[in-house]
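# Residue-level structural notes
Each chain is listed here by its residues.
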Amino acid sequence: MPLSDAQLERYARHIILKEIGGPGQQRLLNTRVLVIGAGGLGAPCLMYLAAAGVGTLGIVDHDTVSLSNLQRQIIHDTVNVGRPKVESARESLARINPDVKVEAHQVKLSAANVLDIISRYDIVADGCDNFPTRFLVNDACHLAKVPLVSGAVGPFEGQIATFKSYERDEAGKPFANYRDLVGEAPPPGSIPACEETGVLGALTGVIGSMMALEVIKEITGAGTSLAGRLLIYDALDTRFRTLRLPHDPKNPLSGDNPSIRDLNSHA
Amino acid sequence: MQLTINGDIHEAQAPLTVLGLIERFGLDPRKVAIERNFEIVPRSVYGETQLADGDRLEIVHFVGGG
């Protein structure tokens with residue numbers, strides 16, 4: 001479907017970019033993106049993806065808005081405290097861009113529902129707040145062959161990577177996934193959550209916005225994919241570094257002798 | 001040999017593997033990854049990856065918040 005006059009104007013600054021252009025904008029409008037978590041990372045990620053004209057945005061979040069979320073979760077307003085995050089986010093996104101269709105999934109992701117949900121989308125952005133869900137989403141995206149942009153934050157540090165370990169790099173090796181970085185889930189409680197340690201609100205804005213940007217790159221093919229690399233942002237030192245993240249042949253999901261062939265270990 | 005670890009210069013006796021470094025610093029490998037010369041070292045080769053003079057290493061602490 002050709003872009004309407006209003007769309008040509010709304011997306012003019014994208015269309016003028018040779019890396020995106022009319023075809024890239026059309027692809028954005030035809031793409032379905034799932035964002036896990038409408039929290040610190042999901043908020044800016046969703047807002048930029050909506051503004052960019054991603055046609056359908058799925059949101060997974062089972063939580064409600066609390067007052068202590070608002071220091072960083074900029075998609076939610078004070079009046080929405082107590083309401084489901086997916087509903088609060090849906091209203092904000094509709095205000096930003098009525099072109100965008102929002103699909104709210106007010107559920108806790110589990111081995112039983114994750115494949116059904118993610119297989120309805122072209123790409124997933126994970127900004128959830130816990131390690132077990134990160135492993136669940138990683139394994140599900142690998143098995144379903146859906147690209148995954150994964151972002152995470154600590155108090156003053158952010159990390160982001162793109163995982164598509166069902167594809168191979170120029171050397172013929174699979175791209176890395178989350179298990180090539182983290183291995184197995186750290187013991188519960190060994191890495192404290194944001195609610196215990198705190199997190200600088202604007203840091204989630206940096207990493208969540210970068211997640212939106214990497215999603216847009218995957219959709220439009222602009223630039224170089226972050227697949228096979230890991231970006232680390234040290235906010236206190238104002239330092240970004242991008243590392244190579246190689247595939248581990250012993251990865252239990254995507255290695256030479258995989259032991260994980262379904263999601264039963266997450267049940 | 002001289003190693004730069006998280007920006008600080010350390011003198012270390014060769015041979016030393018990534019696994020040896022993790023033990024020397026008392027790190028919990030379930031909570032960190034080791035970056036050597038701008039590349040994450042795969043876990044399965046920690047014991048056989050020999051560190052070399054001039055290596056730049058960073059201990060990457062996992063974060064999982066969102």
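Look up: the structure comes first, before these words.
Rules used in this analysis
- Residues numbered from 1 in each chain as written.
- Chains lettered and ligands numbered in written order.
- Predicted model: local features only at pLDDT ≥ 70, side-chain atom pairs only at ≥ 80, totals over all residues.
- Heavy atoms only, no water.
- 1 Å grid on protein atoms, 1.4 Å probe; cavity = no way out; pocket = protein on both sides within 12 Å on 5 of 7 lines; lining within 4 Å.
- Points joined across faces, edges and corners; volume = space filled by probe spheres on them.
- Helix = DSSP H or I, 4+ residues; strand = E, 2+ residues; numbered from the N terminus.
- Nonpolar A, V, L, I, M, F, W, Y, C, P; charged D, E, K, R; others polar.
- Phe/Tyr/Trp six-rings, centres within 6.5 Å; stacked < 30°, edge-to-face > 60°.
- Buried < 20%, exposed > 50% of the residue type's maximum accessible area, 1.4 Å probe, protein only.
- Lys NZ or Arg CZ within 6 Å of the ring centre and 35° of its normal.
- Salt bridge = Lys/Arg side-chain N within 4 Å of Asp/Glu carboxyl O.
- Expected span 1.5 Å × (residues − 1).
- Arc of directions from axis to C-beta.
- Contact = heavy atoms within 4.5 Å.

### What about empty space enclosed by the protein?
Residues and elements named next belong to chain A.
- Summed over the entire model, instances satisfying the criterion amount to two cavities of 30 Å³ or more.
- The computed volume of the largest cavity comes to approximately 90 Å³.
- Lining the largest cavity are 14 residues, and of these S150, A152, Q159, Y178 and L181 sit closest to its centre.
- At the level of secondary structure, the elements contributing two or more residues to the lining of the largest cavity comprise β5 (148-153), β6 (157-163) and α8 (178-182).
- No other element matches β6, which puts four residues into the lining of the largest cavity.
- Residue composition of the lining of the largest cavity, grouped by class: ten nonpolar, three polar and one charged.
- Computed from the structure, the second largest cavity encloses a volume of approximately 30 Å³.
- Forming the boundary of the second largest cavity are N138, C141, H142, V146, F163, K164, S165, Y166 and N177.
- Classifying every residue of the lining of the second largest cavity by side-chain character gives four nonpolar, four polar and one charged.

### Some remarks on the packing of aromatic side chains
Residues and elements named next belong to chain A.
- If you walk through the whole model with that rule in mind, you get three aromatic pairs over all chains.
- For the pair F135 and Y178, a centre-to-centre distance of 5.1 Å together with 70° between the ring planes defines the contact as edge-to-face. Residue F135 is found in helix α7 (residues 131-144), and its partner Y178 is found in helix α8; the two are separated by 43 residues along the sequence. Here F135 matches Y178 in class, with each residue buried.
- Over the ring of Y121 we find R32, and its NZ or CZ is 4.7 Å from the ring centre.

### Some remarks on the pattern of salt bridges
- For the structure on display, the rule yields 17 salt bridges over all chains.
- A salt bridge links A:R90 to A:E87, with the shortest nitrogen-to-oxygen separation between them at 3.3 Å. Of this pair, A:R90 and A:E87 both sit in helix α5 (residues 85-96), three residues apart, which is roughly one turn of that helix.
- A:R90 sits in the partly exposed class, given a relative accessible area of 30%.
- Note on A:E87: relative accessible area 25%, which makes it partly exposed.
- One connected set of salt bridges, linked through shared partners, spans A:D237, A:R239, A:R241, B:E35 and B:E58.

### Quick look at α5(A)
All names here are of chain A.
- End to end, α5 covers 16 Å across twelve residues, agreeing with the expected 16 Å (1.5 Å per residue, within 8%).
- All buried positions along α5 are accounted for by K85, V86, S88, A89, S92 and L93. One side of α5 carries all its buried residues, which in axial view fall inside an arc of 160°.
- Residues of α5 that are buried in the fold lie against α4 (42-51), β2 (56-60) and β3 (101-105).

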